[in-house]
Amino acid sequence: NVAYAEGENVELSYDDVPDLTQRRAECGPTAAANSLISLVKRNGGEDLIPGDPQDFIENLKRHMNWTPENGTPPDDFVAGKNRWAAAAGVPIRTTKVGDTNGTGVIDSIRDALEKGDGVELRIKFGDADGTPKGGHMVTVTGLLQGEGQTYLEINDPATTDSGTETVEVRGISLTNYGPWNG
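Fair warning: this is a prediction, and the values are worked out from it, not measured in the lab.

Visitor: So what exactly am I meant to see when it comes to the overall build of the protein here?
Guide: Along the protein, the regular secondary structure elements total four helices and six strands. Its C-alpha atoms give the protein a radius of gyration of 16 Å, near enough to 16 Å, the size a compact globule of 182 residues would have. Structurally, the protein occupies a C-alpha span of about 45 × 40 × 30 Å along its principal axes. For the protein, the proportion of its 182 residues judged to be buried stands at 42%. Considering only residue pairs separated by 6 or more positions, the protein has 47% of its internal contacts joining residues 24 or more positions apart. Total accessible area computed for the protein in this model is approximately 9,800 Å², and 47% of it derives from carbon and sulfur atoms. If the 16 positive side-chain charges of the protein are averaged to one point and the 29 negative ones to another, these points end up 8 Å apart.

Visitor: For this particular structure, what's the right way to read the pattern of salt bridges?
Guide: Pairing between side chains becomes possible if they bear opposite charge and their charged atoms approach one another. Per the stated rule, a full pass over the model turns up eight salt bridges. Salt-bridge contacts for Glu58 lead to Arg23; the nearest nitrogen and oxygen are separated by 2.4 Å. With Glu58 in helix H2 (residues 53-63) and Arg23 in the loop between strand E1 (10-13) and helix H1 (27-42), this pair connects stretches of sequence that are 35 residues apart. One salt bridge connects Lys81 with Glu120, and the closest N-O pair in it is separated by 3.0 Å. Here Lys81 is found in helix H3 (residues 74-88), whereas its partner Glu120 is found in strand E2 (residues 119-126), with 39 residues between them in sequence. With relative accessibility at 16%, the residue Glu120 sits in the buried group.

Visitor: I keep staring at the packing of aromatic side chains and nothing clicks. Help me out?
Guide: How two aromatic rings sit relative to each other is given by the distance of their centres and the angle of their planes. Scanning the entire structure with this criterion turns up one aromatic pair. A cation over an aromatic ring shows up here: Arg42 above the ring of Tyr14, its NZ or CZ 4.4 Å from the ring centre. The ring of Trp66 is capped by Lys61, whose NZ or CZ atom sits 3.8 Å from the centre of that ring.

Visitor: Sorry, what's going on with the pairing of E2 here?
Guide: Each regular strand shows side chains that alternate between the opposite faces of the sheet. In this sheet, strand E3 (residues 132-146) lies alongside E2 in antiparallel orientation, the contact comprising eight bridges. Bridge pairing links Val119 to Val140 in E3. Taking the residues that link successive antiparallel strands as the turn, the E2-E3 hairpin has five residues, and the phi of Gly130 there is positive, at about 90°.

Visitor: Explain the environment of Val10 here, please?
Guide: By the secondary structure assignment, Val10 is in strand E1. Among the residues examined, Val10 registers a relative accessible area of 2% and is labelled buried. Through-space distance from the C-alpha of Val10 to that of Gly89 is 34 Å; in sequence the pair is 79 residues apart.

Visitor: Teacher, can you tell me more about helix H4 (residues 105-115) here?
Guide: For H4, every residue scored as buried is listed here: Val105, Ile106, Ile109, Arg110, Ala112 and Leu113. Take H4 and look down its axis: the buried residues cluster within an arc of 165°, on one side only. Lining the buried residues of H4 we find E1, E2, E3, strand E4 (149-155) and strand E5 (165-170). Of the residues trailing H4, Gly116 is marked for its positive phi of about 85°.

Visitor: Would you mind showing me how to read the side chain of Ser38 here?
Guide: Summarising the element assignment, Ser38 is placed in helix H1. A relative accessible area of 1% places Ser38 in the buried class. Excluding residues within four positions of it along the chain, Ser38 makes contact with Asp16, Val17 and Pro18.

Visitor: Sorry if this is basic, but what is going on with the confidence of the model for the protein here?
Guide: A low pLDDT means the predicted coordinates there should not be read in detail. Chain-level statistics for the protein give a pLDDT mean of 86 and a share of 92% at 70 or above. Low pLDDT, under 50, characterises residues 1-5; the predicted model gives this stretch 15 contacts beyond four residues in sequence or across chains.

Basis of the calculations
- Along each chain, the written sequence defines residue order, and numbers are assigned to residues from 1.
- pLDDT decides what is reported in this predicted model: residues at 70 or higher carry local features, side-chain atom pairs at 80 or more are listed and counted, and totals for whole chains, interfaces and linings draw on all residues regardless.
- For side-chain calculations, the full set of non-hydrogen atoms in the structure is used, while hydrogens and water are omitted.
- For helices the rule is a DSSP run of H or I covering at least 4 residues; for strands it is a run of E covering at least 2, with both sets numbered from the N terminus onward.
- Throughout, the radius of gyration refers to the C-alpha atoms, and the reference size of a globule is 2.2 Å times the residue count to the power 0.38.
- Per-residue accessibility, obtained with a 1.4 Å probe over protein chains only, is compared with the maximum for each type, and a residue is labelled buried under 20%, exposed over 50%, and partly exposed between these values.
- Contacts were defined at the residue level, with two residues in contact if any of their heavy atoms lie within 4.5 Å.
- Only the protein chains shown count as cover for residues, with accessible areas throughout obtained via the Shrake-Rupley method and a probe of 1.4 Å.
- Charged residues are defined here as Lys and Arg on the positive side and Asp and Glu on the negative side; His and the ends of the chain fall outside this count.
- For this purpose, a charge sits on NZ of Lys, CZ of Arg, CG of Asp or CD of Glu.
- Any Lys or Arg side-chain nitrogen located within 4 Å of an Asp or Glu carboxyl oxygen qualifies as a salt bridge.
- When two rings of Phe, Tyr or Trp (its six-membered ring) have centres within 6.5 Å they constitute a pair, described as stacked for plane angles under 30 degrees, edge-to-face for angles over 60, and tilted for the intermediate range.
- Only when the NZ atom of a Lys or the CZ atom of an Arg is both within 6 Å of the ring centre and within 35 degrees of the ring normal do we say a charge sits over the ring.
- Here, strands pair whenever DSSP counts at least two bridges between them.
- It is the directions from the helix axis to the C-beta atoms whose arc is reported.
- Every residue is assigned a pLDDT by the predictor, reflecting its confidence on a scale from 0 to 100.

Below, the structure written as structure tokens:
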């Protein structure tokens, strides 16, 4: 599912990524579960994931220091995924990419998808002057680029419909983004 050359269209897409629906404040562990279930299936380790996705999400929540009030603290997301992988004996390592202003993230997403890696994206919300107002995690399932436009295909744990959604990326911002459009 990879087509890329400098200056040409990019179409990377994985249709084997689940779209689990989160409960209150569970976007981080749910987005991680989507990626991990897909990665484990692609690499022949289905027995490492509990049969009930909610049991798996509960396990990830414990490793990610999740609380009902705050969800998963951003710094505990990557560390928690790595703690789960080590405890489960899954030979993966999660790394954080990008910086505080989001530059370079699209290139990192493209690189990860080209390698067949799982990708979760933390979306920061802010008011008009940039003051942080919270965040949300989604599972990235694809990247489409061409004619100066970039789109991400995401499985959003907050939307109840099952299926991939496409959002446009302009600079470091998402447009036409579902429940938080604008």
